[in-house]
Each structure stands twice: as structure tokens, then as C-alpha cells.
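Secondary and tertiary structure notes
Here's the letter readout for the chains.
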Amino acid sequence: MAPELATPSSLAEALDELRDEEALPLAGGTALVILLRNRLIAPSRLVWLQRLPDLDVIRPTAGGVSVGAMVTVDRLCHEPIVRRDFPALASAASRVGNLRVRCAATVGGHVAHADPRQDLPPVLVAMDAGIRVQGLRSTRVVPAAGFFRGPMETAVEAGELVTSIELPAPSPGGVVAYHRFNPGSEEDYPTVSVAVAMTRDPEGRVTAVRLALGGVADRPSVVADAEGLLVGRRPGPDDVRAVADAAAEGCEPSSDGRGSAPYKRAMAAVWTRRVLTSLLAG
Amino acid sequence: MRVRLTVDGEPAELDVAPTDLLLDSLRSLGFSAIKEGCGVGVCGLCSVLVDEQPVGSCLRLTATCDGTAVLTAAGVARRHPALVAAFCDHEAFQCGICTPGQLVMASAVLARSPRPTEEEVRDLMAGSLCRCTGYRTIVEAILAAGGT
Amino acid sequence: MAFARSEHPSARVVRIDSRSAAAAPGVVAVITAADLPTRTLGRAVRDMPLLAGGRVRFVGERVAAVVAETRDQAEAAAALVNVGYEIEPAVLDMEQALESDAPAVHVAPWDYPGAAMREADGHNLQSLVEVGSRDAVDAVLDAAEHVVDRQYWTPSVHQGYLEPPATLAAPGHGGGVELWTSNKAPYRLRSMLAEALGLPLGAIVVHPVAIGGDFGGKAAPMDAALCALLALRIGRPVRFLPRASEDLIAGNPRHAARIRVRLGCDAAGRLVGGGVDVLFDGGAYAAFKPRPRADLHGADSVFAGYRLPVAHVRSRVVYTHTVPRGHMRAPGSPQCNFAFESALDELAELAGMEPAEIRRRNLLTSGEPDAWGHTAVEQRGHQTLEAALNGFSPLPAPAGWRSRVGLSFYERPTAVGRTSLRLSPAGSRVRAEVAMPEAGGGVHTVVRSGLARLLGIAPDGIEVVHVPTSELPHDDGVGASRVTTGLSIALEAAAVVFDRSDRSQAVTVRSDPGPQPIVTSSCVQVAQVAVDETTGAYRVLQVLTAADVGDVLNPAAHRLQLEGGAAMGYGFACLEDLRIEEGRVWAAQHGEFRMPSTRDVPVWRTVLVRGGRGVGALNVKPVGELANVGVAAAIANALAAAGARVRALPITAERVLDALAQAGP
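Residues numbered from 1 in each chain as written. Chains lettered and ligands numbered in written order. Predicted model: local features only at pLDDT ≥ 70, side-chain atom pairs only at ≥ 80, totals over all residues.

Contacts between chain C and chain A engage 15 residues on the former and 13 residues on the latter. Along the lines of polarity and charge, the residues of the side of chain C that touches chain A split into five nonpolar, four polar and six charged. (Contact = placed C-beta atoms within 7 Å. Nonpolar A, V, L, I, M, F, W, Y, C, P; charged D, E, K, R; others polar.)

The share of residues in chain C with pLDDT of 70 or more is 100%, and the mean pLDDT across the chain is 95. What the predictor reports for the complex is a pTM of 0.97 with an ipTM of 0.97. (pLDDT = per-residue confidence, 0-100.)

All names here are of chain C. Read from one edge to the other, the open sheet built from three strands follows the order β6-β2-β8, with strand pairing classed as antiparallel. Edge positions in the sheet fall to β6 (55–56) and β8 (82–87), since each of these pairs with one other strand and no more. In this structure, strand β2 (residues 11–17) lies alongside β8, joined through six bridges in antiparallel fashion. Across the sheet, residue Ala-11 finds its bridge partner in β8, namely Ile-87. (Pairing = 2+ DSSP bridges. Helix = DSSP H or I, 4+ residues; strand = E, 2+ residues; numbered from the N terminus.)

So, about the interface of chain B and chain C. Taken together, the 28 residues of chain B in the interface contact 31 residues of chain C. For the side of chain B that touches chain C, the secondary structure elements donating two or more residues are α5 (118–124) and α6 (136–145) of chain B. The element that contributes the greatest number of residues to the side of chain B that touches chain C is α6(B), accounting for three residues. In terms of residue class, the side of chain B that touches chain C is built from 14 nonpolar, seven polar and seven charged.

The next subject is unusual backbone geometry. With an omega dihedral of -10 degrees, the bond running from Leu649(C) to Pro650(C) counts as a cis peptide bond. Secondary-structure assignment places Pro650(C) in the loop between α15 (631–641) and α16 (653–663). Not every positive phi belongs to a glycine, and Asp51(B) is a case in point at roughly 50 degrees. Among the secondary structure elements, Asp51(B) is positioned in the loop between β3 (47–50) and β4 (53–56).

As a further point, take α16(C). Given 3.6 residues to a turn, an α-helix orients residues that are three or four positions apart in the same direction. The set of residues buried in α16(C) consists of Ala653(C), Glu654(C), Val656(C), Leu657(C), Ala659(C) and Leu660(C). Tucked into the core, α16(C) has its buried residues touching α12 (261–281) of chain A together with β23 (520–531), β24 (538–548) and α15 of chain C. Looking at the residues trailing α16(C), positive phi occurs at Gly664(C), about 85 degrees. (Buried ≥ 20, exposed ≤ 12 C-beta atoms within 10 Å, placed from the backbone.)

As C-alpha cells, this is what we get:
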């Protein structure tokens, strides 16, 4: 049976529709329509979110900036406050898909899709962004690291929706960098991507750091040792190398058209080293 | 369900199933300037403008287009004769199958960046594949139309 | 129409239950092999059934055809066809296929009409062609000062035409059938269908359509035959529009190849002998290859343009349980040229010689015979080489990346095709009715430009119309670089006859040029790469193509053929791979099968080496299959100059890194 299309006009209505486990939310459709056409999903109902008010708002909050789930990836690239305060996120967003995809895909849909090769998740994890998930009777903000659970698997449960991404205000002395390594075609997913958020004091000592890799595991891969190896120091090449080795060791890449597992592991180390070195020099 | 929209400035109305694609709906209405290519949003053959936004019609459900204004390559061509002239002058096609999509995406690029650099053009047109030309003339045509 | 397709590379079909499919909404018919005449089809070797009968031989093979009112309904119903398989051992590797104990893809392939092989020729062979003497080559290499003996591998890639190969067939008048189909050889299609359907030629009309890219992949008639047959049987028009992903897994892509090159030279770098042994993976059916020996021309012409006193080529095409392969832009040449031109550079390195120099010492001059003793009208390899080297100037490389240059040479002999056309007065203009479809190569522009010159009128005084097959006698179809040359001869003949009646009467000309003096086209390409040695990542900064030309009818279109060809060559060298593993195509959608984008392509530089002697009064040389061939070797040779000799395509960063590691510090 072909699914029905529901067009709720309030969040409560949408969440009510989604209590049916056979219903799926529809935002930009760039991922969902492919799954539908290939018969990989067979929902009874598509709950179209376009008419929900306020989900496409970007607004400052006490702790930073809130980006509504229905904000398009394209808008994220260009929104002045995002470019100013979160340039790495804007830059990562500009690499997603192609222009048509970016104009349709939403940030909520993007994170809910949770393909381990995507660009935004590692950046959100490194930034320690929060992802707001709402149900009919609940609202919680899930730290990005805990949100992405596996390929196409997130913390969103039946009857829930991602409603916003909460970006923490940048700290003084804080900087975020993202690099995607895609040695074949520019249009491909990255072979490996590296996202780093680092804060240094005026003397150049690292006071906080988070390092997340993309494309080397079934979800963004946090390099847990980075903090222990870098915080409290003015890192030199040996410290950076130690972090790079830890990054390589901690990833679980699979071999595919973009490279073998050993190659991806080696590249995780190389690009961790390069991104950290560049960040520390800059 | 009944969907009402305008296509290339003319009102259109049709009954669709929720999972009908805008690509198929438009072609069923006779708008043959939209082509089916890869089916996964990569090649750009199916590009249209929906309320001025570039859209891959192979990934857009017609049911979500009620009340919108769609422009196909034919509509874009009427709106931007200079762009069409630039494509002709610069020989920016061979077999022509990708050309309608190239025109639509080029107009979207020029709408957001009226005097783009070559790098910008190549960046923003990267989702418009061509197997025939090697892209030089397409890029040159868009730069010429943008006056750069 | 939609298909139920095999999920297995090799299996017996024990049961096909189409009851649920037949009962699905909108379904008009469900057809299996049992409903069809038991004949096999093919362009030369007729080994392929319209629908799989008792067994399936590749993943994606058509097992049942469903006709319904809409495509969605047909596809939904096709998913309901229930096929029972008994899985059988599959042979998925070319080398293994040759072993006498490998599973046989066909029980008795020598029995098929048009079979190129006999039983005694070997196991799982579609084709075996051998030229020259291996013993003679062995002897001369034994005594040679420097010898290389290397193997190279190239993958299977798709032609990548962006328009899927669509077909619409409708019952015609008096029991005939009319077709509109994305096929570049309509008269050959008509002949095939006549045989397949048991109809006279005149009962089949193939109508003109514009073709959205071909590149060799749209001569295969199989789905058109089924559409036509079903249209006749059902009494209504039947349309088949394959999904791009369907066509990626079950079209007729390029043959993968393993090529062994042995090459020897004396102390002065002059080649003394060379042998090429190539194994092509032909997949489950030979049906998509048009040559009578089911071989690929690029193999036996691998030495073209070079002086090679003692030579040998053995080319085998094997059956495996994978998608049947077909023709793609210069069939066999991208594979063999990559191997030969890489090996030549490897030999140059051994001999302590620059790559340009080893070519200077071995390219033919006019009047000299080639490796097989044939003498062409002229040889312009030297001029083309010098033009390429003189025309090249390096681009700046990214900081910290090592920049190097590599080159390659390719020579293509010219074929001249048969065609027909009609000229008639049309008011103040001349109307030219042609038998050839336009697939993007500029066929109709050639007609307009060529006729304009011959008749001495402005091009816009000529109206070019592609007419249905009922209107003209014959055409060989677009391809094999025979279009410009074949047309130019036909246009000459037509212009002469047209003039005799003062251009007041319609004239129809059927052109069958017969054997021609051998005209060749030389092409030298120079690639500049920049390598990041820590990751193996590299960029191709530019590809310069120097092409030997006669008179160019339309400079802009001609240049596009060179640049578009080079883009296809770049894709083959660096990005493309259908990834056929475990018997299936893993790059089953665009995006996974990566073709070059605006951001990927290098800068194109073009140098025309004018003054060549072409065909006919228009003095033309072909250009369609020239610039795509040598790009891979030029890039591989540039990377080798940077320390990374890669012998397998596509050249990935990982392969570069591995090669750098092997080369040592």
C-alpha cells in the first residue's frame, strides 16, 4: 500500500501522527525519497513537517544559538550568525551533497538520517552541540556524541522528533576546525573527516579539546584520549603525534570504494595530525 | 490528492498519489524539458526551480508542491534569454540531454551570485553532470552570462 | 515494461511463479522465456536469450518481463514475481574461467549462431585472436639489452550516458512494428529485429530520435526486441525506460582487462620486439560485441604508430558469470594503451632514457610499415609529439605537493562507414535527409558543414533531417570513428549527383566506400599531476591533448570532442569503477559510480597539428575516439615520475601511497 501524506500544522499534531510506529517524518526528502523509491522502507504514513511553525527559526539563546530542525543546510551555510560564530559548521554545511540537496535537506533531517559518512555530525560532536528531541510529553537535549548511535540509528525514539540543534556559544580562545579528506572526486563522501574544537588560554595552553572523526566507524568517532594528552599543555609535535596515534587506534573503519580499512586508519592519523598542527599554529 | 501549482507561469492541476515524484508529474503534464537521469539526485538532469529554489525533481514529492511556482528549463529560458544565448555562443552542449538541467542550475547560481568567479561556478555547478563536453564551455557560458 | 531480475550469478531456474504479479493492479501481461521463441540474439555471436530460460548467468539478468499500464505498476508487479533458483557454482574471475575445471558459463557456446570459437579452442572463451609470433618475440627479447615484462589491470566502467536507453515499440500497419529507441545504429537494429521477429525488413520502421549520449553503449538491441515482440503480441505500444541503477548493473559496460606487456629495446632505446597478451572479461554473453571474431579492436592495434620489428598479440575474451560487456569508446584501446604506454615508460627508465626520447626513437615516419606490415598514407606521430611538448607549459602546484609530468601516445586507424542520404531542393534551401542519429558527436553538424563546403553555400542554407529507416536504404550506425569519414565520402558523391541536375531534383545516394588507403590519426597527451606524498592524494592539474588533424569542419564541436574525450579518459584513469565483486556490481547508482564533475576535471589544453591527409575531398579525420584513450597512461606516467608507478586503474590515492611505499625512500 502506498503511504498517506499527513500535513500537520503544529508540533503536537505532528508528534501525534508519529505515535504510529509505521509513520515516518518527511522534511527535505533527499534521503527519504531514495529509500522509498528503492523499497528499503515502507511507511504507512509520511508526516510532512514543512507547515510546522517556528521549526525554521535560528535564534540566540542563553547558551548560544538554536537552529530549528527545518532550517535548510543551505541556510546554515549562509546565515550570518552561523558564519560569524560557527564558521567550521558553516563550512562543513557547504560541502554537503550539491546545491539542490542543500536547498532541500534540513539540519534536523540530516542528523536524524545518521549516515556515518556525513559532514555535520563530527562537527556537532566536536562542538558538543545538543540535539533537542521532543515527544508529546517530553523534551530533552541529547549531547551530539550520544545522539549518533550507529548507521541510520539515533537517540530518537518512536513518537519523537528532532526539533532543534543547540549550538553552544563559542568560548573565548575557542576555535573549531573541520577538514574532509576526499582524495577521489570532490563530490564524494569523505574518506576520513576530522573535526576539532579547542580552547586555549592566553599563554597558549590547551584548556579544553574535543576531537571527532567521521567516516572511520559506524558513527562519529570521538578520540577519548585527546583531552588527557593535550589539556594543560602547550602541545608540541610529540603530543600531536600521540593524539594522532590514539585517533587511528580508536577507529573501526570498513573497507569500501573510498579506501581499505588500513588506509582509512592511516589517514585518520595523518589528518588528525595535520588539523591539530594547523590549529595550534593558527 | 489534488495539487495546484503553476508551471512556467501557467496554472496546472493534477491528482497525485503521495509518493508521486515531481519529475514524473511534470512530464505527465507534457513538460518534457525535465529529464530523468540518475534517480538519486546526483546528475542534475531533473533540475527545476520551485519557488525560486533549485530542486531535484526526482527527489521531490509532488504532494509537497501544492501552491508553488515551478519553473522548468523552458521557463528559465524565457526568463533568461541572455543565459540561453551564452550557452549557444559558447557551444555549451553536445548531445543536449543535460542542457535543460544545466540552464536551471546556472540560473540558480547566477541568482545567488550574479558575478561569480570560475571557482564559484565550478563549485555550485558540481551537481550538474555532463558526459559529453568536459565542462569548459558550460563554465565559460555561465561566466559570460554573469558578465565575468 | 519492467523486469524481474536474477539475484544470483549462476543458478538453474526451477520455477517462476507469476500469479501474484499477473494479478497486481494494472498488469497486462507477465512473460517468461517459456512464452517466447527459443532463439538467442546478438550483434555477431547470438548467445543471449531475450529472457533467461532454464538458467541465469549473471546478477541482473532478465528473468521475467511485466507489462502494465504504468511504469510504477510494472515495477511493483515485477517485485512480486517469485522465482525458484537452484544455485550453481559461479566462475567470477577471468583467469579461473580459463581453467578446464571451471564452471562452464555456457554448455556448448560453439553451437550458437555466429560463435567465434570452436570447442577445441578452450574453455569459457568468447574470442581468441592472435597475430604475429610469440616464439619470434621470445627469441628477440632473450637477446635484447633491456626488457620489461609487466602486468596491468583495468576495471569495468559504464559508458555513463546520462539518458537511459529508452524504447517505445508500437504495432504498425499490416503486422509490422514501429520503434522509437535510444539506439545509435537503427538499420542494424532493424536487421536484428527482422531476424528475431521473423518479419521482412520493411515491416520494421525505426524512427529518428535524438540520443542523450551513447559512447558505444547504445547499439545493444535486446530490450528493443522484447518491446517490439510484446507490442505485437499485446497489440498496444509498449515502453521500457530502465532506471539508471538498472542500467548500471545490467547494461553492457566496458570489458575489464588484465594486460601483460613484454617489451625489449637495444642499448640505443630502439624497440626490438614486443608482445601483448590481454585477457578481457566479457561477462556472461558475447552478444553485445559486433565484430565477427567477438574481439576488441584495441588489442590488435595496440602497437599502432610504432616501429616494432617483431611483434605478437594474443587477445582472449572470456565468459564469466557477470554482466555481459559491450563496446565503449575505442573498445579495447583504453585498456591496452594504458598498459603499453606505461610499459614503454618503464622500459625507458630501465634504458636510462627520457619518455619523450624513447618515443622519438620509435615512432614511425611516413612510408614505414607498422608492426603488421601495413603502410598508412602518412605517419604524423613525430609532429604530434613535438607539438605536444612545445605546447605544454606547467601550472603552479599546491604548496608542498610534488608536481610531475607524464605523456602518452595513441594512434587510431580510420574506418569508413557505409551510409545513405538524400538531397533535395526545399524552397531556397537544400534538404539533406540522413540515416544517422545524432548522439552528441555532431553528426548532423558534419553534414551541414561538409555539404556547405561541397556545394559552396552557407551552412544555414542546408536543412538536415534524420529520417525513419523506411526512407533510406542503409547506414552502419554511429561509431568506430567512421562517421565523419563515411559521411564525407557519401556527401561528396551526393553533391556530385545533385549538381548534375542543377540541384533541382532529389537524389538518393547509397555509399559503400570499400577498402580505403589507411588514414591514421595521432594523439599525444601530456598530463601534469601534483602529489601529496603523505596521503597519496593527487590532483591532475592539466591534460594537454595534441591531435593530428586534416581539415576541421566545425572547430568548436571538434574541440569539444577532444575535451569531452579527455574528460572520459580522466574518469577512467582516476575515478570510475563499477566494482564488480562476488559477481555483482557494487557501484549500482550514480554517485557510487563516480563520473567527473565540474570540480574534478583538470584544465584542458588543446593543440591541433594541422596539415594531415584525411579522407575524401573534405580531407577529414575522425576525432570521437581519440582523446579518451591515452589519458590514463599520461597520468600514470606522471605519477611514476613522482615515484609512484601504479599499474591498476582507477588510480586511487591508496594505490599511489602503496606505490610510493614500494618504491622506497
